[in-house]
Amino acid sequence: SQNNAKVAVLGASGGIGQPLSLLLKNSPLVSKLSLYDIAHTPGVAADLSHIETKAAVKGFMGPEQLPECLKGCDVVVIPAGVPRKPGMTRDDLFNTNASIVATLTTACAKHCPEAMICIISNPVNSTIPITSEVFKKQGVYNPKKIFGVTTLDIVRANTFVAELKGLDPARVTVPVIGGHAGKTIIPLISQCTPKVDFPQDQLVKLTGRIQEAGTEVVQAKAGAGSATLSMAYAGARFVFSLLEAMNGKQGVVECSFVKSEETESPYFSTPLLLGKNGIEKNLGIGKITPFEEKMVAEAMAELKASIKKGEDFAKNFK
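Residues numbered from 1 in each chain as written. Predicted model: local features only at pLDDT ≥ 70, side-chain atom pairs only at ≥ 80, totals over all residues. Heavy atoms only, no water.

The protein chain carries the name Malate dehydrogenase in an unreviewed UniProt entry, which gives Eubucco bourcierii as its organism. Looking at the protein chain in UniProt, the text filed under Subunit (unreviewed entry) is "Homodimer." Per UniProt, the protein chain has the following entry under Sequence similarities (unreviewed entry): "Belongs to the LDH/MDH superfamily. MDH type 1 family." (UniProt positions renumbered as here; feature names shortened; annotations may be inferred.)

A. A look at helix α10 (residues 290–316). Spanning 27 residues, α10 covers 40 Å between terminal C-alpha atoms, matching the ideal 39 Å at 1.5 Å per step. Of all the bends in α10, the greatest, near 40 degrees, is centred on M300. Within the span of α10, buried status applies to E292, M295, V296, A299, M300, L303, S306, I307, G310, E311, F313 and A314. (Helix = DSSP H or I, 4+ residues; strand = E, 2+ residues; numbered from the N terminus. Expected span 1.5 Å × (residues − 1). Bend = angle between axes of the 7 residues up to and from the residue. Buried < 20%, exposed > 50% of the residue type's maximum accessible area, 1.4 Å probe, protein only.)

B. Region of interest: the pattern of salt bridges. On inspection of all chains with the given rule, the structure shows 12 salt bridges. Its salt-bridge partner being E133, residue K136 comes within 3.1 Å of it at the nearest N-O pair. With a gap of 3 residues between them, K136 and E133 both fall in helix α5 (residues 124–137), about one helical turn apart. Looking at K136, the relative accessible area reads 37%, which means it is partly exposed. On the basis of relative accessible area, E133 is assigned to the buried category, the value being 11%. Overlapping salt bridges, with partners in common, bring together E163, R209 and E216 in one network. (Salt bridge = Lys/Arg side-chain N within 4 Å of Asp/Glu carboxyl O.)

C. Inspection of the UniProt feature "active site" (unreviewed entry) in the protein chain at higher detail. Feature annotation in UniProt places "active site" (unreviewed entry) on H180, given in this structure's numbering. You can see H180 is positioned in the loop between β7 (176–178) and β8 (185–187). By relative accessible area, which is 3% here, H180 ends up buried. For H180, the contacting residues outside a window of four places in its chain are R90, N122, V124, N125, T150, D153 and I185. (Contact = heavy atoms within 4.5 Å.)

D. Structural view of the packing of aromatic side chains. Tallied over the full model, the rule gives 4 aromatic pairs. An aromatic cluster is present here, built from F94, F313 and F317 joined pairwise through their rings. In this structure, K136 is placed above the aromatic ring of Y141, and the distance from its NZ or CZ to the ring centre is 5.2 Å. The ring of F198 carries the charged tip of K165 above its face, separated from the ring centre by 4.5 Å. (Phe/Tyr/Trp six-rings, centres within 6.5 Å; stacked < 30°, edge-to-face > 60°. Lys NZ or Arg CZ within 6 Å of the ring centre and 35° of its normal.)

E. Inspection of the confidence of the model for the protein chain at higher detail. Of all residues in the protein chain, 99% have pLDDT values of 70 or greater, and the mean over the chain is 97. The spread of mean pLDDT over the elements of the protein chain runs between helix α8 (residues 213–220), the lowest at 95, and strand β6 (residues 146–148), the highest at 99. (pLDDT = per-residue confidence, 0-100.)

F. How the structure looks around the environment of N122. Tracing the chain through its elements places N122 in the loop between β5 (116–119) and α5. For the pair N122 and P83, spaced 39 residues apart in sequence, the C-alpha separation works out to 8.2 Å. Not counting chain neighbours up to four residues away, the residues in contact with N122 comprise R90, L93, N97, T127 and H180. Here the side chain of N122 touches V124 through a polar contact of 3.4 Å, landing on its backbone nitrogen. (Polar contact = N/O pair within 3.5 Å; in protein donor to acceptor, adjacent residues only side chain to side chain.)

See the structure below:
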């Protein structure tokens, strides 16, 4: 394996960007780390550059430095944007974050069209369709390389199930399908390994907690931000999986919100087999319970509306 990937973080000075950059700097899979933001990046880069790991860190600030930041990148992670405040839905972030994502992904399409693009900026259900449309406009669209990072939903599901069952969370795997907001987040507890059982009332409560876990953090932080540390962990986990698969590791599976033909929704998160070129194979939904089927059916209208909102925005974006 040739552990010499160049990874860029766009939005590297922010609440997710800083801890995410720290985790990436700490990984032997990364040899070059490019950090971009509209402010403070030289300081973040200087700070991280003192860490005794091999990744060479460079900071880039402002739109004129973005092309150089992206040149030769293998993976680009985008946590840029504004976080949620109490009372806000992920959709309330749309207007600000949609423009940010469209601008940054346009630069990616121009300067590193072959890179894997991992979008963290919310609302993911809309920012992934925006990214696809931007890449189409530039004539470099490859649906196998554009990922909506929903890993935090899986991380939370694993943690909450483990807590309830007294298991080691590192050994629990719950696939989470659908989208990345409210009721579009569909944890498949029936497919958990190891196998777990919950009475229906507990299952309903657990599912609701996984779906609203982001809001739990927003409220606990009382106006000081949203899930940044757990999101940075989840974002790094996804990037490491991707890099390992690109290095030739077999059997790497992660859920992600991607272009999909698994349901009537044009984008949908399911377990994906990752490989050298991104998505090797969509593993689909598999066998699910009537309770889970009902959740999938109920998520469709919201998913399609969020996707259309993203696509319409991208078509009019100059």
